[in-house]
Amino acid sequence: MYPPKIGYVIPDSVTEALEFLEKHDDAKPLAGGHSLIPMLKLRLLRPSYLVEIRRLQELKYLRKDGAQYSIGALSTHYEISKANIPLLSETASKIGDPQVRNMGTIGGSISHLDPSADYPAALIVLDAKVKVVGTKGERVVDFASFAKDMFTPDLNQGELVKEVLINDYSGYKYSYQKLERRAGDFAIVGVAVLLKVDGEEIKDARIGLTAVNTKAVRATEAENVLKDKICEKTIEVASDLAVKYANPTSDIRGTAEYKKKVTKVMTKRAILTALGKR
Amino acid sequence: MNEVKVYEKDQKVKIHFKVNGQDVEYETEPRKLLVHALRELGFTGVHIGCDTSNCGACTVIMNGKSVKSCTVLAVEADGSEILTVEGLAKDGKLHPIQEAFWEKHALQCGYCTPGMIMEAYWLLKEKPDPTEEEIREGISGNLCRCTGYQNIVEAVKLASQKLRLGQTPYQRQ
Ligand SMILES: Cc1cc2nc3c(=O)[nH]c(=O)nc-3n(C[C@H](O)[C@H](O)[C@H](O)COP(=O)(O)OP(=O)(O)OC[C@H]3O[C@@H](n4cnc5c(N)ncnc54)[C@H](O)[C@@H]3O)c2cc1C
Ligand code: FES
Ligand code: FES
């Protein structure tokens, strides 16, 4: 299957890319291409031009400045999986398959915003921020508000994601649990858990769910219940409460009913794994 | 500032890349997929098994990393170095991974084999001594409809031993 006829633009800098994108309404940036090219092949999209940003070194970095990670938009899932970033690296290692991780980028994933994508579960619990750049300058937004709805990032034509910013949560315990129909597939449900534990007590708890809503959501009531002494009962109650935040649709990956049930199972598994009890 | 390079949809783009160590010049429409370009150039070991980027039959090594060449545009390969299954055997001698696939009967129809071997190549470069689980996760982007995977996993294990014993120097890209 061939993509439709498309023009192709090779900019030498982010500025050149932005200027071209701003002037051409239906031009699209091409990063790893692992959402874009499949969509072109299926003719779900017909952009006038693809603007190749994949090789722009300006967007290819992964730094730690003090207690903050700056992750350039073109960092691949593979690179992130090797970067020892609490929770995010584990999440990246569970995306798709090795070939997908070698090409796909974090900037592309969050600009595409598939409702079943893995990163969003981790990014909402990590309170990630997104730096967006346009011809008129930069702005920083919380990932939670950047992800407006499925396939709907807070991006205007002529803007690019420049980087993702997250704080270092090395003191926390964490886990990302993904249930897939078969290896390499998108999640049926994905649960990211981040816990601050002090002795026998959980001081801070964050739970993010992906694939069971139009976008990733925090299970706040479940989080609040967990902030207590660690015990089987509260873990069970929290896992039950997480289901309240799942509003899945029935599709090839399972019925809505099934997805709700496994949301509970995977939440419990994520909490127990984070606590080292599994 | 120099002008941004713009190619219209019917315009041909001239690209230069290396395939299996040889310099190649190629003219392509922007929309052409790398897999089609490689096949036209005669590297027909690169197979097309699906339309959805799932099967991995088209896997090649691009700049040292395994990629699905059906999900990369030929224009993106400009300036890159590519290794296909045709580039593995040296002086009429099979690469240890190929030998291992042969010895362990890791293929039936053979359609998935070139992609499987290229993915195994990348996996063993990353993890020279993988566990069985790592092998299975490593080839999770490659589908085989015939073998049930068991012999493929065995072959990758054997290939890892062969490479570590250094029977043949491992070709690094
Ligand atoms: C077989 C297969 C399995 C997969 N499995 C999973 C999975 O399990 N989990 C998962 O989360 N994902 C999965 N994916 C999707 C994969 O992670 C993609 O890599 C990712 O969604 C898009 O990243 P990309 O760099 O490839 O973006 P592209 O495809 O290049 O771009 C995607 C969209 O974002 C835009 N864009 C890209 N970069 C920027 C930027 N910096 N600023 C603004 N807009 C930008 C593009 O114009 C396009 O609209 C899978 C893909 C495939 C092919
Ligand atoms: S042809 Fe199936 S993944 Fe490329
Ligand atoms: S041997 Fe036939 S598909 Fe793998």
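Residues numbered from 1 in each chain as written. Chains lettered and ligands numbered in written order. Predicted model: local features only at pLDDT ≥ 70, side-chain atom pairs only at ≥ 80, totals over all residues. Heavy atoms only, no water.

**Re the overall build of chain B**
Of regular secondary structure, chain B possesses five helices and six strands. Listing the helices and strands of chain B from first to last along the sequence gives β-β-β-α-β-β-β-α-α-α-α. In terms of overall dimensions, chain B has a C-alpha envelope of 55 × 30 × 30 Å along the principal axes. Taking as baseline every contact in chain B between residues at least 6 positions apart, the subset at least 24 positions apart corresponds to 58%. When the accessible surface of chain B is totalled, it reaches about 8,000 Å², and 47% of it is carbon and sulfur. (Helix = DSSP H or I, 4+ residues; strand = E, 2+ residues; numbered from the N terminus. Contact = heavy atoms within 4.5 Å. Areas by Shrake-Rupley, 256 points an atom, 1.4 Å probe, with all protein chains shown as cover.)

**Here we look at the sheet that holds strand E3 (residues 49-52) of chain A**
The mixed open sheet is built from four strands, whose spatial order is E2(A)-E3(A)-E1(A)-E1(B). Edge strands, defined here as strands with exactly one partner in the open sheet, are strand E2 (28-30) of chain A together with strand E1 (5-7) of chain B. Between one strand axis and the next, the sheet turns by 25 degrees as a mean value, whatever way the strands run. Lying over the sheet, helix H1 (residues 14-23) of chain A contacts strand E1 (7-10), E2 and E3 of chain A together with E1 of chain B, oriented at roughly 165 degrees with respect to E3(A). (Pairing = 2+ DSSP bridges. Axes fitted to C-alpha atoms, helices over the stretch in contact; angles between N-to-C directions.)

**Regarding the packing of aromatic side chains**
Taken as a whole and assessed by the stated rule, the structure comprises four aromatic pairs over all chains. Considering the side-chain rings of Phe20(A) and Tyr49(A), the 5.1 Å spacing of their centres and the 90 degrees angle between planes classify their relative orientation as edge-to-face. Linking Phe20(A) in helix H1 with Tyr49(A) in strand E3, this pair joins segments that are 29 residues apart in sequence. You can call Tyr49(A) buried: its relative accessible area is 12%. Where Tyr78(A) meets Trp122(B), the ring centres are 5.5 Å apart and the plane angle is 65 degrees; that geometry is what we call edge-to-face. Taken together, the residues span two chains, with Tyr78(A) in helix H3 (residues 77-81) and Trp122(B) in helix H3 (residues 113-126). Judged by relative accessible area, which is 17%, Tyr78(A) ranks as buried. A relative accessible area of 7% places Trp122(B) in the buried class. (Phe/Tyr/Trp six-rings, centres within 6.5 Å; stacked < 30°, edge-to-face > 60°. Buried < 20%, exposed > 50% of the residue type's maximum accessible area, 1.4 Å probe, protein only.)

**Some details on unusual backbone geometry**
The phi dihedral of Phe151(A) is positive, around 55 degrees, even though this residue is not glycine. Tracing the backbone through its elements, the reader meets Phe151(A) in the loop between strand E8 (147-149) and strand E9 (152-153). Judged by relative accessible area, which is 43%, Phe151(A) ranks as partly exposed. A positive phi angle, close to 65 degrees, is found at Ser53(B), a residue other than glycine. Take Ser53(B): it is sitting in the loop between helix H1 (34-40) and strand E4 (59-62).

**Describing helix H11 (residues 256-274) of chain A**
Residues and elements named next belong to chain A. For H11, built from 19 residues, the straight-helix expectation of 27 Å at 1.5 Å per residue is met to within 8% by its first-to-last C-alpha distance of 27 Å. Inspection of H11 places Lys259, Val262, Thr263, Met266, Thr267, Ala270, Ile271, Leu272 and Ala274 among the buried residues, and these make up the whole buried set. Its buried side turned inward, H11 meets strand E11 (173-180), strand E12 (187-198), strand E13 (201-210), helix H9 (220-226) and helix H10 (232-242). Just downstream of H11 lies Gly276, where phi reads positive at about 75 degrees. (Expected span 1.5 Å × (residues − 1).)

**Looking at the site of ligand 1**
Within the structure, ligand 1 sits among 33 residues, and Pro29(A), His34(A), Leu36(A), Thr105(A) and Asp118(A) are positioned closest to it. The site occupied by ligand 1 is bordered by residues of chains A and B. Measuring from an oxygen atom of ligand 1, one finds a backbone N or O atom of Gly32(A) at 2.8 Å. In isolation ligand 1 exposes 970 Å². Once the protein is present, 96% of that is buried. Put simply, the parts of the chain that give the shell around ligand 1 at least two residues each are E2, helix H6 (106-112) and strand E10 (159-167) of chain A. Take the shell around ligand 1: its biggest share by element is five residues, from H6(A). (Near = heavy atom within 4 Å. Polar contact = N/O pair within 3.5 Å; in protein donor to acceptor, adjacent residues only side chain to side chain.)

**Quick word on the pairing of E1(A)**
All names here are of chain A. The side-chain alternation of E1 yields two buried faces, one formed by Gly7 and Val9 and the other by Tyr8 and Ile10. Bridging between E1 and E3 involves three bridges; their strand directions are parallel. Residue pairing across strands places Tyr8 opposite Leu50, the latter belonging to E3.

**A look at the packing of helix H2 (residues 96-103) of chain B against H3(B)**
When two helices pack together, their arrangement is given by the angle between the helix axes and by the axis-to-axis distance. Residues and elements named next belong to chain B. Interhelical geometry of H2 versus H3 gives an angle of 125 degrees and a closest axis separation of 10 Å. Relative to H3, H2 is oriented oblique. Remark: the crossing between H2 and H3 carries right-handed chirality. In this structure, H2 uses Ile97, Gln98 and Phe101 to contact H3, whose residues at the interface are Thr113, Met116, Ile117, Ala120, Tyr121 and Leu124. (Parallel < 35°, antiparallel > 145°, perpendicular 65-115°, else oblique. Left-handed = near helix turned anticlockwise from the far one by under 90°.)

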